[in-house]
Protein chains: 2
Amino acid sequence: MEEFELYNAPQSICSHKVRFALNAKGIRFKEYKLDLFSGDQLKPEYLSINPNGLVPTLVHNGFNIIDSLVIVQYLDELFGDVEAFTPKEPIMRARMRSLMAYIDEVPTPAVRIPSYNMAFLVHFKNMPEDEFQDMANAKPLRREFLLKFGRVGFSENEFNEALDRLARSLKRMQEEINFSKGPWFLGDALSIADIAMMPVLIRLEDLNLKYMWEDKPEISRWLELIKNHHAFQSTFYHGSLLTEQYPHLTENN
Amino acid sequence: MEEFELYNAPQSICSHKVRFALNAKGIRFKEYKLDLFSGDQLKPEYLSINPNGLVPTLVHNGFNIIDSLVIVQYLDELFGDVEAFTPKEPIMRARMRSLMAYIDEVPTPAVRIPSYNMAFLVHFKNMPEDEFQDMANAKPLRREFLLKFGRVGFSENEFNEALDRLARSLKRMQEEINFSKGPWFLGDALSIADIAMMPVLIRLEDLNLKYMWEDKPEISRWLELIKNHHAFQSTFYHGSLLTEQYPHLTENN
């Protein structure tokens, strides 16, 4: 029997993409929840299956697959007949992959900055400096990010720059929907590019920043549609939203 | 008749990947060389085919394809029978894509830092501050990178951090070769992951930093092999190496 195990974290954006794909395809999987603030992802046993020290990792029949969009592509290749997320025409696949690359390079790292400043800061601000330095140094791929964050958060300038990158990304997504005539980024079928962007929008909403697309009805409609997908509720189970874990965020609402 | 046009720059790392794939597959293409320091990539006519304002772009029968590894995947899907760069098994494809993601995230941006400090600084150091700011602000995806660079180069700290990331990447590549038993990252066939890493190594060598893998015979052997590939010479035509354009670099040799 096929065996799927998912190492992930309830609130992690990259985990959301993979949970969505697994749920959409009706794949049964065993879920392991890592506590990222206790450093579960940096323990030797986890680093041996994921040298990047990041969630998620999918283990399928004993093989480790890392990097959220790589996992989603893998699942789509194995179960392309259930709900195909990859277009058949090479040119459309190229379009999808360019969008995936853009989403990975621009909005996905940008949304970490308001997430850290507005929600995760509490985990770091009372940490002694040497402990913080040791923790940052231990991160294979997030060292420089954390050192820049420090224990007081990103500067106002860095925060505003991140919001600016997010605003430009939303404009780009709006243009993609208009170009393809929507409702999804590539036209009538939901693709891996939509799955890649979904948790960024959910995070912005969670941080009470949804005003960012109030002048973009295409984005609101896109978000409503993906929220109505049968895989959405099981992906965003209780504990997946920051407002559920950090009650102070709701005070801004 | 099929028509391929490549917008690229002789010295650009991302252009090298695509030229290599085109040459390996024996595809005839019309080449347009952009002068990145004159801002050819930010002109409205180019931004209309590549909104990221980056090289390369492949135009195939009127369709624009952007992002170097997306282009290489596209070419490999169209011409998989010539010299396949993508393994057939889904699990090996996932392995390849994880490596591609890592190479895109860690060594590829890291190598820009020694490139700018050691070679490209001459283009910026006499630029008036407001002109430099305007130029940086016009870059859709490299604005923050250039503002950090400034007109005096990255700090010693940033420079050393980049070299550290490159050293860790070389170690990771060595481990991949050992795991697969080589000579390529995934075993006996050259894949897109090798093509992704190739120009990073060539750039390091060009900057006289090849001491970085003198204790890693697997990497030296890998580099020798790819240099002997029939597509290599036509990819790195005269003008593709920085030492050919910036004579001061050879003074360190």
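The structure presented is a predicted model; accordingly, all values stated were derived computationally and were not measured.

Engineer: Help me understand the side chain of Ser115(B) in this model?
Structural biologist: Residue and element names in this part refer to chain B. Mapped onto the secondary structure, Ser-115 falls in helix H5 (residues 107–118). With a relative accessible area of 1%, Ser-115 lands in the buried category. A distance of 2.8 Å separates the side chain of Ser-115 from the side chain of Arg-203, its partner in a polar contact. Excluding residues within four positions of it along the chain, Ser-115 makes contact with Phe-120, Arg-203 and Leu-207.

Engineer: Can you walk me through the domain arrangement of chain A in this structure?
Structural biologist: Many authors give the size of an interface as the accessible area that is lost as the parts come together. Residue and element names in this part refer to chain A. Partitioning chain A into structural domains gives domain 1 (4–78) and domain 2 (90–234). Each of domain 1 and domain 2 was reduced to a C-alpha centroid, and the two centroids are 18 Å apart. Contact with domain 1, which involves 19 residues of that partner, is made by 28 residues of domain 2. Carbon and sulfur atoms supply 74% of the area buried between domain 1 and domain 2, which totals about 2,100 Å² over both sides. Considering only the surface of domain 1 that becomes buried against domain 2, Ile-13, Phe-20 and Phe-37 emerge as the three largest contributors, covering 34% of it.

Engineer: How should the interface of chain B and chain A be read in this particular structure?
Structural biologist: Contacts between the two partners involve 30 residues from chain B and, on the opposite side, 30 residues from chain A. When chain B packs against chain A, close to 2,800 Å² is buried across both sides, 52% of that on carbon and sulfur atoms. Sorting the residues of chain B by area buried against chain A places Glu77(B), Ile91(B) and Arg97(B) first, and these three jointly supply 19% of that buried surface. At the junction of chain B with chain A, the criterion picks out 12 salt bridges. Elements with a minimum of two residues in the side of chain B that touches chain A: strand S4 (63–66), helix H3 (68–78), helix H4 (90–105), helix H7 (143–149) and helix H8 (156–180) of chain B. For the side of chain B that touches chain A, the element with the highest residue contribution is H4(B), accounting for nine residues. Of the residues assigned to the side of chain B that touches chain A, the class counts are 15 nonpolar, three polar and 12 charged.

Engineer: I would appreciate a short explanation of the packing of helix H3 (residues 68–78) of chain A against helix H9 (residues 192–206) of chain A in the present structure.
Structural biologist: Residues and elements named next belong to chain A. With their axes 11 Å apart at the nearest point, H3 and H9 run at an angle of 140 degrees to one another. The chirality of how H3 crosses H9 is right-handed. Contacts between H3 and H9 involve Leu-69, Val-72, Gln-73 and Asp-76 on the former and, on the latter, Ile-192, Ile-195 and Ala-196. Its residues placed into classes, the contact of H3 with H9 shows five nonpolar, one polar and one charged.

Engineer: Just checking my understanding: could you explain the packing of H8(B) against helix H9 (residues 192–206) of chain B for this structure?
Structural biologist: Each pair of packed helices can be described by the angle between their axes along with the distance between the axes. Residues and elements named next belong to chain B. Axis separation between H8 and H9 bottoms out at 12 Å; the angle between their running directions is 130 degrees. When the axes of H8 and H9 are compared, the pair comes out oblique. Along this stretch, H8 crosses H9, giving a crossing that reads as left-handed. Between H8, through Leu-166, Ser-169, Leu-170 and Met-173, and H9, the contact on the second element is made entirely by Met-197, Val-200, Leu-201 and Leu-204.

Engineer: I tried to follow the pattern of salt bridges on my own but got confused; where do I start?
Structural biologist: Two side chains of opposite charge can pair, provided their charged atoms sit close to one another. Scanning the entire structure with this criterion turns up 34 salt bridges over all chains. When the shortest N-O distance is used, the salt bridge between Arg142(A) and Glu105(B) registers 3.1 Å. Of the two residues, Arg142(A) is situated in the loop between helix H6 (129–137) and helix H7 (143–149) and Glu105(B) in helix H4; the pairing between them involves two chains. The buried category is assigned to Arg142(A), whose relative accessible area is 15%. A salt bridge links Lys148(B) to Glu158(B), with the shortest nitrogen-to-oxygen separation between them at 3.6 Å. Taken together, the positions of Lys148(B) in helix H7 and Glu158(B) in helix H8 put the pair 10 residues apart, joining distant regions of the chain.

Engineer: Would you take a moment to explain the sheet that holds strand S1 (residues 4–8) of chain A for this structure?
Structural biologist: Strand pairing in a sheet relies on backbone hydrogen bonds, with the paired strands running either antiparallel or parallel. Residues and elements named next belong to chain A. Strand order across the open sheet formed by four strands is S2-S1-S3-S4, with mixed pairing between neighbours. Bordering the open sheet on either side are strand S2 (30–33) and strand S4 (63–66), each of which pairs with just one other strand. Strand-to-strand twist across the sheet, computed as the mean angle between neighbouring axes with direction ignored, equals 20 degrees. Of the strand pairs in this sheet, strand S3 (residues 57–60) and S4 are connected by four bridges, and their pairing is antiparallel. For Leu-58, the partnering residue across the bridge sits in S4 and is Ile-65.

Cut-offs and rules
- Residues numbered from 1 in each chain as written.
- Chains lettered and ligands numbered in written order.
- Predicted model: local features only at pLDDT ≥ 70, side-chain atom pairs only at ≥ 80, totals over all residues.
- Heavy atoms only, no water.
- Helix = DSSP H or I, 4+ residues; strand = E, 2+ residues; numbered from the N terminus.
- Buried < 20%, exposed > 50% of the residue type's maximum accessible area, 1.4 Å probe, protein only.
- Polar contact = N/O pair within 3.5 Å; in protein donor to acceptor, adjacent residues only side chain to side chain.
- Contact = heavy atoms within 4.5 Å.
- Domains from an automatic or database assignment.
- Buried area = accessible area lost by both parts, 1.4 Å probe.
- Salt bridge = Lys/Arg side-chain N within 4 Å of Asp/Glu carboxyl O.
- Nonpolar A, V, L, I, M, F, W, Y, C, P; charged D, E, K, R; others polar.
- Axes fitted to C-alpha atoms, helices over the stretch in contact; angles between N-to-C directions.
- Left-handed = near helix turned anticlockwise from the far one by under 90°.
- Parallel < 35°, antiparallel > 145°, perpendicular 65-115°, else oblique.
- Pairing = 2+ DSSP bridges.

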